[in-house]
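Fold and contact review
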Amino acid sequence: MVKTTKMLLNELSAYSDPFGKISRLLKAEKIFLLKKSFYETDKTKPGYLFAPIIYGPSYLSFDYALSRHGLIPESVHEYTSATFNKDRRKKFHNFFGDYSYRDIPKAAYPFEVQLYTEGDYAYMMATPEKAICDKLYTLPPVSSINEMTQLLFENLRIDETEFEKLNKKTLEELSELYMSNNIRYMIKTLKKVQK
């Protein structure tokens, strides 16, 4: 369960030094620091649950979401998330893993994101279409379908079967929000393979 410093101080109010008790709980690994003033009490919880708590607003995307959706074969050990209007990339590390955050266009941010709940925890993750748009938006531009094909299937190792399942209409709608040549070339590549 996620607890704030205020919640812990309230629970530990009987102690003469509640801050000292928090320090001892941390040292004994009874609680785990997520970020300043936020703690987790259960060390068995998966790290992706904490991505929106560590920095937000944000949702899981990029490589992590591509892996979860089966678009890339590798399992990704960094929790990669999308943000907007933050102006710079952010990285964090805690007991549960490594977290990174980077901007996408504000206009694209709220679309094609799904809410997931696991018990008392909730997090948001990009759909497969949104995750691939987010990823391509952050990469240097390509200038042809051939370059995009190489980028997708050789460099990023996107699974061609899963790629063919992407919703073209959704991607076209998202493309208007990103204004990215990479995404336009990706849609052209999709049209080519879906024929």
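You'll find the structure just up there.
Residues numbered from 1 in each chain as written. Predicted model: local features only at pLDDT ≥ 70, side-chain atom pairs only at ≥ 80, totals over all residues. Heavy atoms only, no water.

Attention now moves to the overall build of the chain. Along the backbone of the chain there are nine helices and nine strands. Each principal axis of the C-alpha distribution contributes one length, and for the chain these read about 70 × 30 × 25 Å. Relative to its full complement of 195 residues, the chain shows a buried share of 43%. In the chain, once contacts between residues fewer than 6 apart in sequence are set aside, the share between residues at least 24 apart is 56%. Counting every atom, the chain has about 10700 Å² of accessible surface; 50% of that belongs to carbon and sulfur. (Helix = DSSP H or I, 4+ residues; strand = E, 2+ residues; numbered from the N terminus. Buried < 20%, exposed > 50% of the residue type's maximum accessible area, 1.4 Å probe, protein only. Contact = heavy atoms within 4.5 Å. Areas by Shrake-Rupley, 256 points an atom, 1.4 Å probe, with all protein chains shown as cover.)

This part takes up helix α6 (residues 145-155). Along α6, the positions that sit buried rather than exposed are M148, L151, L152 and F153. End-on view of α6: buried residues confined to an arc of 160 degrees, all on one side of the axis. Opposite the packed face of α6, turned more than 90 degrees from it, sit the exposed residues N146 and E154. Close packing links the buried residues of α6 with α5 (128-137), α7 (160-164) and α9 (181-194). Where α6 ends, the next residue or the one after it, R157, has phi of about 60 degrees, a positive value. (Arc of directions from axis to C-beta.)

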